[in-house]
Amino acid sequence: MRAQLQAAVLGIVVLVLAACGSSSAAGPSVERSLILATTTSTQDSGLLDELLPAFTEATGWTVKPVAVGSGQAIEMGRRGEADVLLVHSPAAEEEYVAEGTAGRRLLVMHNDFVLLGPADDPAGIRGASAADAMQRIAAAGALFVSRGDDSGTHARERSLWEKAGVAPGAPWYQETGQGMGATLRVAAEKAGYTLSDRATYLSQSGGLALLVEGDPGLLNVYHVIEVTQRAGERVQPEAAAAFADWITGPDAQQRIGEFGIAEYGQPLFVPDAGKPDPTAT
């Protein structure tokens, strides 16, 4: 009887140890998370709220977005502080990729920039070309509110001033150093002009009137860029590849194309994955 009891106890001990060992081997579930450095327009428009939960559900990767200007997002990539970028500053993107620490750069979507201002339009820019509008604003000394933050929008604004042959300056030119949503609010409060991406304007118009649109120089193109471990050991290439593959895939592209239609009667972005890249040089 004693031998049988000892055998039974030993069996229980073995089972308990095996169970503990199995639990230890499996370990607690580890969250897979990536850092996405992106533009304020994708956040302010609400697009990230649409896309990121779907990405997590499809891949198991959770996303920690950092919404800054495209220039700051690219700097994060250079320092290895992000795994993947979603940005809209083509010249800066190409320079970054040429440095050799980035992986794939893929076309994702586009919308456009628009010139906004007070409804009474004191500079008379309504319906003008982008360059002519900038010239008129400067000639009138009308308030122009710039992001001034090295974002993709700020880079485009600088190129528009350059094409117009204008060097903007005080007192009529003011910089917020903030994102698009905040800059729209400042421009509205001060009855000034500003440049915005269409998506953020539609979602946060703030009372400003859309005065100039449709100029070829106002095309606004977004790319996803993978960061590699050449930028730093903390970078997760598999996370970057997962995000780049998903956002250029059919599910994300459909979501992008439908985003905004129900609320604004038009999409805020146009999906472009697989199409010829209009920014290719």
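Residues numbered from 1 in each chain as written. Predicted model: local features only at pLDDT ≥ 70, side-chain atom pairs only at ≥ 80, totals over all residues. Heavy atoms only, no water.

Peer 1: Any chance you could explain the nonpolar core here in plain terms?
Peer 2: Side chains of a nonpolar character, in soluble globular proteins, are inclined to be buried together. Grouped together as the largest cluster of nonpolar side chains are 29 residues, with contacts concentrated most on Leu-34, Leu-36, Phe-243, Ile-247 and Phe-269. Those elements that place two or more of their residues in this core are strand S1 (32-39), helix H3 (47-59), strand S2 (61-68), strand S3 (84-87), strand S4 (102-117), strand S9 (219-227), helix H10 (237-247) and helix H11 (250-258). If you tally residues by element for this core, the top one is H10, at seven residues. Excluding anything up to four places from it in sequence, Leu-36 contacts Leu-48, Leu-52, Val-63, Lys-64, Pro-65, Val-66, Val-84, Leu-85, Leu-86 and Phe-243. Core analysis: the second largest hydrophobic core is formed by 23 residues, Tyr-173, Tyr-193, Ala-209 and Val-212 among them. (Core = buried A, V, L, I, M, F, W, Y, C linked by side-chain atoms within 4.5 Å. Buried < 20%, exposed > 50% of the residue type's maximum accessible area, 1.4 Å probe, protein only. Helix = DSSP H or I, 4+ residues; strand = E, 2+ residues; numbered from the N terminus. Contact = heavy atoms within 4.5 Å.)

Peer 1: Honestly, the environment of Leu-218 in this entry has me stumped. Any pointers?
Peer 2: With respect to the element layout, Leu-218 can be found in the loop between strand S8 (209-212) and S9. Judged by its relative accessible area of 0%, Leu-218 falls in the buried class.

Peer 1: What am I meant to see in the side chain of Asp-272 here?
Peer 2: You can see Asp-272 is positioned in the segment after strand S10 (270-271). By relative accessible area, Asp-272 is classed as buried at 6%. If we skip the residues at most four places from it in the chain, Asp-272 touches Leu-107, Val-108, Met-109, His-110 and Gln-253.

Peer 1: Mind showing me how you'd approach the pattern of salt bridges here?
Peer 2: Once their charged atoms are close, side chains differing in charge can pair, the charge on each being opposite to the other. If you walk through the whole model with that rule in mind, you get 14 salt bridges. Residues Arg-79 and Glu-81 are paired through a salt bridge, measuring 3.0 Å at the closest nitrogen-oxygen approach. Of the charged contacts, one joins Arg-104 and Asp-245 as a salt bridge, the two residues approaching to 2.9 Å between their closest N and O atoms. Of this pair, Arg-104 sits in strand S4 while Asp-245 is found in helix H10, placing the two residues 141 residues apart along the sequence. Residue class for Arg-104 comes out partly exposed when judged on its relative accessible area of 34%. The class of Asp-245 is partly exposed, set by a relative accessible area of 43%. Linked by salt bridges that have partners in common, Glu-50, Asp-251 and Arg-255 make up one network. (Salt bridge = Lys/Arg side-chain N within 4 Å of Asp/Glu carboxyl O.)

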